[in-house]
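Observations on chain architecture
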Amino acid sequence: MIRRRVTVLGSTGSVGSSTLDLMARAEACGTGAFEVEALTGGGNIARLAEQARRWRPRIAVTADPARLEELTRALAGTGVAVAAGEAAVVEAAQRPVDWTMAAIVGSAGLKSAWAAAGTSAILALANKESLVCCGPALIERVRAAGGRLIPVDSEHSAIFQVFPAEAPERVAKLVLTASGGPFRQTPAARMGAITPEQAVAHPNWSMGAKISVDSATMANKGLEMIEAAYLFSMPEHRIDVVVHPESIIHSLVEYVDGSTLAQMGPPDMRTPIACALAWPDRIEWPAPPLDLPALGKLTFEAPDTERFPALRLAREALRAGGAAPAIFNAANEVAALAFLDRKLSFLNIAAVVAETLERATKSGMTFGSGDACGAALSVDVEARGLARSIVSDLAKAA
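What you see is a predicted model, and the numbers here were worked out from it, not measured in a lab.

Rules behind the numbers
Residues numbered from 1 in each chain as written. Predicted model: local features only at pLDDT ≥ 70, side-chain atom pairs only at ≥ 80, totals over all residues. Heavy atoms only, no water. Helix = DSSP H or I, 4+ residues; strand = E, 2+ residues; numbered from the N terminus. Buried < 20%, exposed > 50% of the residue type's maximum accessible area, 1.4 Å probe, protein only. Contact = heavy atoms within 4.5 Å. Phe/Tyr/Trp six-rings, centres within 6.5 Å; stacked < 30°, edge-to-face > 60°. Lys NZ or Arg CZ within 6 Å of the ring centre and 35° of its normal. Pairing = 2+ DSSP bridges. Axes fitted to C-alpha atoms, helices over the stretch in contact; angles between N-to-C directions. 1 Å grid on protein atoms, 1.4 Å probe; cavity = no way out; pocket = protein on both sides within 12 Å on 5 of 7 lines; lining within 4 Å. Points joined across faces, edges and corners; volume = space filled by probe spheres on them. Nonpolar A, V, L, I, M, F, W, Y, C, P; charged D, E, K, R; others polar. Arc of directions from axis to C-beta. Disulfide = S-S within 2.5 Å.

1. Overview of the environment of Arg 25
With respect to the helices and strands, Arg 25 occurs in helix H1 (residues 14-28). With relative accessibility at 31%, the residue Arg 25 sits in the partly exposed group. For the pair Arg 25 and Ile 211, spaced 186 residues apart in the sequence, the C-alpha separation amounts to 27 Å. In this view, Arg 25 contacts Arg 270 and Pro 286; residues no more than four positions away in its chain are not counted.

2. Topic: the packing of aromatic side chains
In this structure the tally under the stated criterion is four aromatic pairs. Clustering of aromatic rings is evident, with ring pairs tying together Phe 183, Phe 339 and Phe 346. Its guanidinium or amino end placed over the ring of Trp 55, Arg 54 lies 3.9 Å from that ring's centre, counting from NZ or CZ.

3. What about the side chain of Asn 220?
Among the structural elements, Asn 220 can be located in helix H10 (residues 219-231). Owing to a relative accessible area of 10%, Asn 220 belongs among the buried residues under this scheme. Setting aside chain neighbours within four positions, we find Asn 220 in contact with Lys 128, Asp 214 and Ser 215.

4. Describing the sheet that holds strand S3 (residues 59-62)
Pairing is parallel across the open sheet formed by seven strands, whose spatial order is S4-S3-S2-S1-S5-S6-S7. Both edges of this open sheet fall to strand S4 (81-84) and strand S7 (148-151), since each of them pairs with a single strand only. Ignoring which end each strand starts from, the neighbouring axes of this sheet average 25° apart. Contacts between helix H5 (residues 110-117) and the sheet are confined to strand S1 (2-9), strand S5 (99-102) and strand S6 (122-125), with S6 contributing the most and set at about 155° to the helix.

5. Let's talk about the layout of surface pockets
Each pocket or cavity is described by its volume, and for the second largest pocket that value is around 510 Å³. Lining the second largest pocket are 16 residues, and of these Ile 139, Arg 148, Leu 149, Ala 165 and Leu 231 sit closest to its centre. Of all elements in the fold, only helix H6 (128-145), S7 and H10 reach the threshold of two or more residues within the lining of the second largest pocket. Split by residue class, the lining of the second largest pocket holds twelve nonpolar, two polar and two charged.

6. Thoughts on helix H2 (residues 45-55)
Taken residue by residue, H2 has Ile 45, Leu 48, Ala 49, Gln 51, Ala 52 and Trp 55 as its buried positions. All buried residues of H2 fall inside an arc of 160° around its axis, so they share one side. Seen from the open side of H2, the exposed residues pointing more than 90 degrees away from its buried face are Ala 46 and Glu 50. Where the residues of H2 are buried, they touch H1, strand S2 (32-41), S3 and helix H3 (68-74). One or two positions beyond H2, positive phi appears at Arg 56, with a value near 50°.

7. Examining the state of the cysteines
Note on terminology: a disulfide is the covalent bond linking the sulfur atoms of two cysteines. All told, the structure shown has zero disulfides when counted by the stated rule. Left unpaired, Cys 275 is separated from the closest cysteine sulfur, that of Cys 29, by 17 Å. Among the residues examined, Cys 275 registers a relative accessible area of 5% and is labelled buried. Between Cys 373, a cysteine without a disulfide, and Cys 134, which holds the nearest cysteine sulfur, the sulfur-to-sulfur distance is 5.6 Å. Cys 373 gets classed as buried once you look at its relative accessible area, which sits at 4%.

Here is the structure:
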């Protein structure tokens, strides 16, 4: 039986909710026993309170200070302590546990992931920004604390499961698979009229709005390429991306002897979450079966970096190193959210990222002194300001 004392950062989101669902299933079938130390969420107080009543954590935290009274009322009489604000989320992340899920989306999750990395817990990492903005320092922080970092992104989980950590010199190349998103075959003439509703309708995965937009632009695959480089100490030229519309093979590891190992499974985020939750064991849950005869065939194609320039921009940022990946991430998040707010066209998402990277490079934007998390956050703030200015200029010109 798997026994864990856990904290879930971002428990009300898709990954956090799926984590708690898997924990409940494991307890119901007698394969797991979990004690919850802390749950943190954003503005969905009803869901956070429901989760806290079910799991009875020592503390429940909302990142929104204005919602503290609402959370306090919702958990009155339960014995669950409540808190609010960014500092409270970071404090929750520092509590001693066996396992922490870091699933807060965006740069908002960077501080808490960094805090969790400083404990000796297993860190199940679903927050891309932590790795993209300060990956090498974060990985070293986990190692120095005696913990273990397990990636939760389906692509990195796939590599993690077949990568020879004890002998990385055996690996020739990593291959990340991409669904191609909802616009893989959309005529170029129609790309400029894409709406937020169309962009969030992913053909295979159920994800949040911002992540769905990243999939539609293929910025997500660019971010994942940067993450893979840091997670597996792999140079940019040894990381490939291949479009695989069925999303059955989640990534591949090519060995120096010509063998290629792939991890396969239906497109369901609960599988990589279950892998991280139970590692190095395996936990049973009613996973959707992989019916290869029913699928009939699996297809692959090269990504079109002319139609989806975000992938090329991410590769350039990774090659440049330094603060460039953090700048790429910040600009992309600003642009994606501006698109969702109908302030920016779909095609201009990548244009904002490209212009931000160019201006930041010319101005010499780089990491300052201090700890890696603080330096990354400073660059993030500066790059966001620059990206917002570019968005504003484009809106005025439209």
